[in-house]
Amino acid sequence: MVAAALLDCGRVLPLFVTAVVLLSGSAYAQDAPAAAAPAVSDRISCESKPGARVHCPADTSSGVALASSSGDAPCLLGKTWGYDDTGVWVSDGCSGEFIAGKAAQEEKGTTKALEYIPNQGFLLFEGEKGQIYFRLFSYARYLNQLNIDRSYIDAFGLNQPVKRRQDMQLQKFFAPFSGWFLTPKFRYYLYVWSSNPSQGDPAQVVGAGNLSYVFNRFVTAGFGITSLPTVRSTEGQFPYWLSVDARMMADEFFRGSYTDGVWLKGELPRKLKYMVMFANNLSILGVNAQQLDNKFDTQSYMLNWLPTTGEFGLYGTFGDYDDHQMVATRVGLHYSHSFEDRQSQPGTQGIENTQIRLTDGSVVFTPDLFGPGIAVESVDYRMLSIDAGIKYRGVSVEGEYYRRWLSDFRGINTGGIGSFTDNGYQLQTSAMAVQKILQVYVNASQIFGEQGDPSELRVGVNWYFRKERGLRVNAELNHLNRSPVGYTAFPYPVGADGNVFHFNLEMNF
């Protein structure tokens, strides 16, 4: 019943979003003052609190430039600040001094260089024709898997070996460039991404990204590669997780990944945010265009409600490093549907592996998995997730429920394969033991299915030794029970049973 209803929503929602595009210019006219007189001064100070949006009258006919920011949150054009015909607006903690009118043209005519905005990167250039920001993310990891079992028995009675590791890696290199070209409404996000543990495997080095056009804060259209919004962790919070570049077991099992597609996203009334994406498949990394089918039938829908403060911290991240002084809450809903083809799957050790597995870790496209002479060529994947969270004064409690349906197995001799319904959850609790410096967390996740009920318990600590998000030391202990997920860039392998420890030094600016 739930799946059928959501499929109906999948047909209606694109029409609804189209209506939003057409109506956005008039439906939200009340956000601007009805009779605001433009300010005469070239310089405007405008301040906002987390969860609030403030409009400051100004003469914007010749453009606006950000002179300096002073708030608790970064001022990002099109996200937390912008301007219209009657003035400048700021939101979600952005506060700054803006230059308008002729002075703005003079300001835009100059070149700014090497200005640093936390969590946005270094401003390499800003002029009349465009803007370039540069960021860099990397981390070193010591990994110890010696306390997990050497093998496990899968749901089909086969003994599967487990490759255990103890090594030191400069784990990942991620270098994005972002900004706008010709108009602040036309934006780009392009990056180079490499995974050292995956050297020699498909997609070990990726050059990718996306282009978007911001109509207003209610509608942005995007094209290219982005994370498919199948679960909360693929909404764009990376790398602001409690753990360093490692999702929870259940999250990793159910989620989609990065893929090519087209999407609409933005805000709706009553503190709602949405995203709708139509894509090639669940994961494009390590998959070339010739491996794809020609159906373009992957779709994903996301809706978030932020009922109290209208936000949930920087980029909606996990944990309350932001130290909310008012209770922040969120409820999220995701639904995804895709007909996945065997040939369009990434390699089992790809840097963002999203194999469709059973709960014992078996890949459903493995020949003879369901019996001699049986080979699955395609499967119908549907997935629902519901999440909720609360943050207050450094403490956060955040949980997510997952339900996945696999059906309509097609291929050689697949008539006897029925459908599978798997459920799971994750719960993440954290607290800032010392504000802006020391964070502790305890997390758990579990999956329930016909082929097993794997689980995980995590205990970890983050030390922000410079009192900034950009540098942290992380130590984490994972207690695992028959993990159904794992790959080279992940802290543990498929079938892991026992304890895994890893220690990380992360840089992110």
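None of the values given here were measured: they were computed from a predicted structure.

Student: Explain the overall build of the protein chain to me, please; I cannot follow it from the model alone.
Tutor: The number of helices and strands found in the protein chain is 3 helices and 27 strands. Sequence separation of at least 24 residues holds for 65% of the intrachain contacts in the protein chain that already meet a minimum separation of 6.

Student: Mind showing me how you'd approach the nonpolar core here?
Tutor: One recurring pattern in soluble globular proteins: nonpolar side chains tend to sit buried together. Counting residues in each nonpolar core, the largest one holds 43 residues, and the members touching the most others are Phe254, Ile356, Val364, Leu406, Phe409 and Tyr492. Going through the elements one at a time, strand E10 (137-148), helix H3 (249-254), strand E18 (272-279), strand E21 (375-392) and strand E22 (395-412) are the ones with two or more residues in this core.

Student: Got a minute to help me understand empty space enclosed by the protein in this structure?
Tutor: Over the atoms rolls a probe the size of a water molecule, and its path tells where empty space is left. A full pass over the atoms with the stated rule returns 8 cavities of 30 Å³ or more. Each pocket or cavity is described by its volume, and for the second largest cavity that value is around 120 Å³. Looking at the second largest cavity, it is lined by 14 residues, and the ones nearest its centre are Tyr240, Trp241, Tyr464, Arg469 and Arg472. Looking at the lining of the second largest cavity, its residues break down into 7 nonpolar, 4 polar and 3 charged.

Student: Quick question: what am I supposed to make of the side chain of Arg165 here?
Tutor: For Arg165, the position within the fold is in the loop between strand E12 (159-161) and strand E13 (166-181). Sequence-distant contacts of Arg165, that is, excluding residues within four places in its chain, are made with Leu143, Asn144, Gln145, Leu146, Pro197, Thr488 and Phe490.

Student: How should a nonpolar patch on the surface be read in this particular structure?
Tutor: The grouping of Val327, Ile390, Tyr392, Val395, Val397, Tyr425, Leu427 and Phe448 at the surface amounts to a nonpolar patch, some 620 Å² of accessible area in total. Secondary-structure elements contributing two or more residues to the nonpolar patch are E21, E22 and strand E23 (420-434). As for its placement among the helices and strands, Val395 is situated in strand E22.

Student: Hey, could you run me through the pairing of E10 in this one?
Tutor: The side chains of a regular strand alternate between the sheet's two faces. The pairing of E10 with E13 spans 8 bridges and is antiparallel. Bridge pairing in E13 links Leu143 to Asp167.

Student: What exactly am I supposed to notice about the sheet that holds strand E2 (residues 53-57) here?
Tutor: In sheet architecture, strand pairing relies on hydrogen bonds along the backbone and comes in two forms, parallel and antiparallel. Spatially, 3 strands are ordered E2-E5-E4 in an open sheet, and the strand pairing comes out antiparallel. Two strands lie at the open edges of the sheet, namely E2 and strand E4 (81-83), each paired on one side alone. Averaged over all adjacent pairs, the angle separating strand axes in this sheet is 20°, with direction ignored. Sheet topology places E4 next to strand E5 (residues 87-91); 3 bridges connect them, and they run antiparallel. In the sheet register, Tyr83 faces E5, and the bridge partner there is Val88.

Student: What am I meant to see in the sheet that holds strand E1 (residues 43-46) here?
Tutor: Sheet architecture is open: 3 strands sit in the order E1-E6-E3, paired in antiparallel fashion. The outermost strands of the open sheet, each flanked by one partner alone, are E1 and strand E3 (64-69). When strand polarity is set aside, the average angle formed by the axes of neighbouring strands in this sheet is 30°. In the sheet, E1 pairs with strand E6 (residues 96-100) via 4 bridges, with the strands oriented antiparallel. When the bridges of E6 are listed, Cys46 appears paired with Gly96.

Student: How should the environment of Lys172 be read in this particular structure?
Tutor: The topology assignment puts Lys172 in strand E13. Among the residues examined, Lys172 registers a relative accessible area of 2% and is labelled buried. Counting along the chain gives 25 residues from Lys172 to Pro197, while the straight-line C-alpha distance between them is 8.2 Å. For Lys172, the contacting residues outside a window of four places in its chain are Phe137, Ser138, Tyr139, Trp193, Ser194 and Asp245.

Student: Can you walk me through the confidence of the model for the protein chain in this structure?
Tutor: Any segment with low pLDDT has predicted coordinates that should not be analysed in fine detail. In this model, the protein chain carries a mean pLDDT of 85, and residues with pLDDT of at least 70 account for 85%. Here residues 1-41 is a poorly scored stretch, pLDDT under 50, and it has 45 contacts once near neighbours within four places are set aside; other chains count.

Student: Can you help me understand the pattern of salt bridges in this one?
Tutor: Pairs can form between side chains of opposite charge whenever their charged atoms are close. In this structure the tally under the stated criterion is 15 salt bridges. Residue Glu398 pairs with Arg232 through a salt bridge whose shortest N-O separation is 2.6 Å. Here Arg232 lies in the loop between strand E16 (219-227) and H3 and Glu398 lies in strand E22, a separation of 166 residues in the sequence. Note on accessibility: Glu398 and Arg232 belong to one class, buried. Put simply, Asp408 and Arg410 hold a salt bridge, and the shortest N to O gap is 3.0 Å. For Asp408, a relative accessible area of 35% gives the class partly exposed.

Student: Even after reading the chapter, I still don't get the state of the cysteines, so can you show me in this structure?
Tutor: Every disulfide links exactly two cysteines, by a covalent bond between their sulfur atoms. Tallied over the entire structure, the rule returns 2 disulfides. Cys46 shares a disulfide with Cys56; S-S distance 2.0 Å. With the S-S dihedral at roughly 90°, the linkage between Cys46 and Cys56 falls on the right-handed side. Here Cys56 lies in strand E2 and Cys46 lies in strand E1, a separation of 10 residues in the sequence. Per residue, the accessibility class of Cys46 equals that of Cys56, and both read buried. Cys75 shares a disulfide with Cys94; S-S distance 2.1 Å. What sets the handedness of the Cys75 and Cys94 disulfide is the S-S torsion sign, and at about 105° it is right-handed. Of the two residues, Cys75 sits in the loop between E3 and E4 while Cys94 sits in the loop between E5 and E6, which places them 19 residues apart along the sequence. Among the residues examined, Cys75 registers a relative accessible area of 3% and is labelled buried. In the protein chain, the bonded cysteines, numbered by position in the sequence, are linked as 1-2, 3-4.

Student: So what exactly am I meant to see when it comes to the packing of aromatic side chains here?
Tutor: Geometry of an aromatic ring pair is reported as the spacing of the ring centres plus the angle between the planes. Under the counting rule described, the total for this entry stands at 28 aromatic pairs. Here the aromatic rings of Trp81 and Phe98 are separated by 4.9 Å at their centres, their planes lie at 45°, and the arrangement is tilted. Within this pair, whereas Trp81 is found in strand E4, its partner Phe98 is found in strand E6, the two being separated by 17 residues in sequence. Given a relative accessible area of 5%, Trp81 falls into the buried group.

Student: What is the right way to look at the side chain of Thr259 in this model?
Tutor: Relative to the helices and strands, Thr259 is located in strand E17 (residues 258-268). At 2.9 Å, the side chain of Thr259 forms a polar contact with the backbone oxygen of Asn281.

What counts as what
- Residues numbered from 1 in each chain as written.
- Predicted model: local features only at pLDDT ≥ 70, side-chain atom pairs only at ≥ 80, totals over all residues.
- Heavy atoms only, no water.
- Helix = DSSP H or I, 4+ residues; strand = E, 2+ residues; numbered from the N terminus.
- Contact = heavy atoms within 4.5 Å.
- Core = buried A, V, L, I, M, F, W, Y, C linked by side-chain atoms within 4.5 Å.
- Buried < 20%, exposed > 50% of the residue type's maximum accessible area, 1.4 Å probe, protein only.
- 1 Å grid on protein atoms, 1.4 Å probe; cavity = no way out; pocket = protein on both sides within 12 Å on 5 of 7 lines; lining within 4 Å.
- Points joined across faces, edges and corners; volume = space filled by probe spheres on them.
- Nonpolar A, V, L, I, M, F, W, Y, C, P; charged D, E, K, R; others polar.
- Patch = residues over 30% accessible without salt bridge, like charges linked within 9 Å, V, L, I, M, F, W, Y side chains within 5 Å.
- Areas by Shrake-Rupley, 256 points an atom, 1.4 Å probe, with all protein chains shown as cover.
- Salt bridge = Lys/Arg side-chain N within 4 Å of Asp/Glu carboxyl O.
- Pairing = 2+ DSSP bridges.
- Axes fitted to C-alpha atoms, helices over the stretch in contact; angles between N-to-C directions.
- pLDDT = per-residue confidence, 0-100.
- Disulfide = S-S within 2.5 Å.
- Phe/Tyr/Trp six-rings, centres within 6.5 Å; stacked < 30°, edge-to-face > 60°.
- Polar contact = N/O pair within 3.5 Å; in protein donor to acceptor, adjacent residues only side chain to side chain.

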